[in-house]
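Okay, here's what each chain looks like letter by letter:
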Amino acid sequence: MRKIAGIIFLGLVVTGCSVVRSSGKTLSDNPNNFIKGNVLGDTENQNITNSGFFIQKAEIEVLTSEGNNKFTANIKFEKPNKYLISLRSRTGIEGGRILISGDSIQMNDRINKKLYLGTSGYLIKKYGFSQSFLPIIFGDLILDKNCETGGERCMGDKLIFGCQLKGVLLNYVIDCKRGKVMSANQVNSYNQPGMNIKYKKFFNVSGILIPKIIEFNDSQYNIGVRIKIMKVQLPWTGNLNFIPGRGYELIELL
């Protein structure tokens, strides 16, 4: 998992629902009064990808040794595995639109008039993970049938849980009171930390806690990313609209 944030920033690299604005207020516990004792199940119940969602505005800052880049995004999700991501400059001009489905990637680079097409194999080859990892970006707990569960115990209101997901070892830190992941990090083949993700300032949308602040750090590649979620619609049942750019240069993602 070279950079789990890679797909959201692919565009930068190659170029009866509840609607709320996040207040930034940190919540002390979960809103659903879950039955304690099944922390993993309680946490999965609060996954944002349990239904469709629409992040109507997110502010994103990418920090590298060469400087900082800031832009905004909106992200739509349709169950079970379709994402539509629009990347815009701070002045509101759309620079890229990305559609990720179970087995394909399509992207309009509106600035350079290019259309990128690829398959799910590109994600694995380029970034070392499949689209099934994307929910982790939003603070979801993703488990695999090979994860050993049943003996978890909270220590000081926190649960540290390791799981190998599709060949990638992930360590989660879960807040037992909130039923939410507080951080997730990858351990590489040399048993050294890789990408680390932290989630902060949770707010409540339709009974689900969502992190307002998401921070990525990858010391190996000296990259940091900070996402601030400003407005979310959950659940969301709209349509994903992606129209390939007419007359754009076609480029295959290999």
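Refer to the structure presented above.
Computed from a prediction, not measured in an experiment: that's the story for all the values here.

Reading the values: the criteria
The residue count restarts for each chain, going from 1 along the sequence in the order it is written. In keeping with the predicted nature of the model, local features appear solely for residues at pLDDT of at least 70, side-chain atom pairs appear and are counted solely at 80 or more, and the whole-chain, interface and lining totals rest on all residues. Excluding hydrogens and water, the side-chain figures rest on all heavy atoms present in the structure. Note on conventions: DSSP H or I runs of at least 4 residues are helices, E runs of at least 2 residues are strands, and numbering of each starts at the N terminus. Partly exposed residues are those whose accessible area sits between 20% and 50% of the maximum for their type, while under 20% is buried and over 50% is exposed, using a 1.4 Å probe and protein chains only. Only when DSSP finds a minimum of two bridges between them are two strands counted as paired. Grid points spaced at 1 Å and placed over the protein atoms alone form the basis of the search, with a cavity being a set where a 1.4 Å probe fits but cannot get out and a pocket an open set showing protein on both sides within 12 Å along at least five of seven lines. Lining residues have an atom within 4 Å of a point. Grid points are joined across faces, edges and corners, and a volume is the space filled by probe spheres set on the points. Polar here means any residue outside two lists: the nonpolar Ala, Val, Leu, Ile, Met, Phe, Trp, Tyr, Cys and Pro, and the charged Asp, Glu, Lys and Arg; Gly therefore counts as polar.

Participant: Talk me through unusual backbone geometry; I want residue IDs and the actual numbers.
Facilitator: Among all residues except glycine, the phi angle is most often negative; among peptide bonds, the trans geometry is most common. Cis geometry marks the peptide bond from Lys79 to Pro80, where omega comes out at 0 degrees. Looking at the element boundaries, Pro80 is found in the loop between strand E3 (67–78) and strand E4 (82–88). Although it is not a glycine, Lys201 sits at a positive phi angle of roughly 55 degrees. Along the chain, the position of Lys201 falls in strand E11 (residues 193–205). Residue Lys201 is classed as partly exposed on the basis of its relative accessible area, which comes to 43%. We note that Ser206 has phi near 55 degrees; this positive angle belongs to a residue other than glycine.

Participant: Now, about the pairing of E3: what can you tell me, with residues and values included?
Facilitator: Strand direction decides the pairing type here: strand E2 (residues 53–64) and E3, joined by ten bridges, are antiparallel. Looking at the pairing, Thr64 lines up with Gly67 of E3. What sits between the antiparallel neighbours E2 and E3 is a turn of two residues. In terms of strand pairing, E3 meets E4 through seven bridges, oriented antiparallel.

Participant: Run through empty space enclosed by the protein, naming residues and quoting values.
Facilitator: Estimated volume of the largest cavity: approximately 40 Å³. What lines the largest cavity is a set of ten residues, among which Ile55, Ala58, Ile75, Phe138 and Ile227 lie closest to the centre. Within the residue set of the lining of the largest cavity, elements represented by two or more residues are E2 and strand E13 (223–234). In terms of residue class, the lining of the largest cavity is made up of ten nonpolar, no polar and no charged.

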